[in-house]
Amino acid sequence: GELPEFNRSTPLRYLDLSVTGFSGKLPNNINHLESLNYLDFESCDFEGPISLFLSNLTQLKHLNLGLNNFSGEIPSSLSNLQHLTYLDLSNNNFGGEIPDLFDKLSKLEYLYLSGNNLVGQLPSSLFGLTKLSDLDCSDNKLVGPMPDKISGL
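Because the structure is a prediction, the values reported are computed rather than measured. (Residues numbered from 1 in each chain as written. Predicted model: local features only at pLDDT ≥ 70, side-chain atom pairs only at ≥ 80, totals over all residues. Heavy atoms only, no water.)

Engineer: How would you sum up the overall build of the protein? Please name residues and give values.
Structural biologist: Regarding its fold elements, the protein presents one helix and twelve strands. Compactness check: the protein gives a C-alpha radius of gyration of 15 Å against a globular reference of 15 Å for 153 residues, within 12% of the reference. With the C-alpha coordinates of the protein rotated into their principal frame, the extents come out at 45 × 25 × 20 Å. For the protein, with 153 residues in total, the buried portion stands at 46%. Summarising the internal contacts of the protein: among those between residues at least 6 apart in sequence, 44% fall at separations of at least 24. (Helix = DSSP H or I, 4+ residues; strand = E, 2+ residues; numbered from the N terminus. Rg over C-alpha atoms; globule rule 2.2 N^0.38 Å. Buried < 20%, exposed > 50% of the residue type's maximum accessible area, 1.4 Å probe, protein only. Contact = heavy atoms within 4.5 Å.)

Engineer: Report on the packing of aromatic side chains, specifying residues and quantitative values.
Structural biologist: Here the structure, examined in full by the defined rule, presents six aromatic pairs. Ring centres of F41 and F46 lie 5.1 Å apart, and the angle between their planes is 45°; on these two criteria the pair is classed as tilted. Owing to a relative accessible area of 0%, F41 belongs among the buried residues under this scheme. Overall, the relative accessible area of 0% leaves F46 in the buried class. Site record: aromatic cluster; members linked through ring pairs are F41, F46, F70 and F94. (Phe/Tyr/Trp six-rings, centres within 6.5 Å; stacked < 30°, edge-to-face > 60°.)

Engineer: So what about the pairing of strand β4 (residues 45-48)? Which residues, and what values?
Structural biologist: Pairing of strand β2 (residues 23-25) with β4, which is carried by three bridges, proceeds in the parallel orientation. Counterpart to G24 in the pairing with β4 is F46. In terms of strand pairing, β4 meets strand β6 (residues 69-73) through two bridges, oriented parallel. Looking across to β6, one finds that G48 is bridged to F70. (Pairing = 2+ DSSP bridges.)

Engineer: Describe the side chain of D88, with residues and values.
Structural biologist: By secondary structure assignment, the location of D88 is in strand β7 (residues 86-88). Buried and unpaired, D88 has K141 as its nearest opposite-charge partner, separated by 18 Å. With residues near it in sequence (within four places) discarded, D88 still touches L63, N64, L65, G66 and Y112. (Lys, Arg positive; Asp, Glu negative; His and termini not counted. Salt bridge = Lys/Arg side-chain N within 4 Å of Asp/Glu carboxyl O.)

Engineer: Quick rundown of the nonpolar core? Include the residues and the values.
Structural biologist: When a protein is soluble and globular, its nonpolar side chains tend to lie buried together. F41 and L63 are the most contacted members of the largest nonpolar core, which has 41 residues in total. Ignoring sequence-local partners within four residues, the contact set of L63 consists of L39, L54, L78, L81, L84, Y86, L87 and D88. (Core = buried A, V, L, I, M, F, W, Y, C linked by side-chain atoms within 4.5 Å.)

Engineer: Tell me about the sheet that holds strand β11 (residues 134-136), and please be specific about residues and values.
Structural biologist: Spatially, the six strands line up as an open sheet ordered β1-β3-β5-β7-β9-β11, and their pairing is parallel. The open sheet has two free edges, formed respectively by β1 (14-16) and β11, since each of these has just one partner strand. With strand direction ignored, the average angle separating the axes of adjacent strands in the sheet is 10°. Two strands pair when backbone bridges link them, and strand β5 (residues 62-64) and β7 are joined in this way by three bridges, in the parallel orientation. Within β7, the residue paired with L63 across the bridge is L87. (Axes fitted to C-alpha atoms, helices over the stretch in contact; angles between N-to-C directions.)

Engineer: Which residues make up unusual backbone geometry, and what are the values?
Structural biologist: Phi is positive for V19, close to 55°, though the residue is something other than glycine. Relative to the elements of secondary structure, V19 occurs in the loop between β1 and β2. Take V19: its relative accessible area is 64%, and that puts it in the exposed class. Even without being a glycine, S43 presents a positive backbone phi close to 60°.

Printed below as a string of C-alpha cells:
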C-alpha cells in the first residue's frame, strides 16, 4: 500500500515503517511532520527522488532510507537536518556526486551511502566530521585520493 496523507497537526516524533509492504513515491506532505526525530523506511519499496519531503524535517536525528529504490541525486536539502546523528541512504539508486554539505551536519556519527551509483570524489566537508565513527561508501563509483586522517575515524 501507499502511505496516508499527513497534516500539520500531527505531533508525531517517531515513525518506523521499516520492513513493511509500503511502496511507491513518498507523499510530499511527510514534510508536515515537523516534530519528527526518528524516521526509518528501511527495506520497503519506496521509489523516486527524496528532496521535497526533507525540507521541513529539521528535528530529525535518525534518518534511514536504506534498501529502497530511491533515485536521483542526494539532495542538498539534507543540509537542513543539522541534528542528524544517523544517516543511511545505502542500497538505493542514487546517482551523481555526493553533495558537499557535511560541514552543516556536524553531529553526524553514522553515514552509510554504500550500494548506489555515486560518482566522483568524497566531498572535503566529510573529512571534517569530528563525531563520525562509521562510514561506508562501498559499492559505488567513487574515485580520488583519501586523506591520511578523517577527523572522527
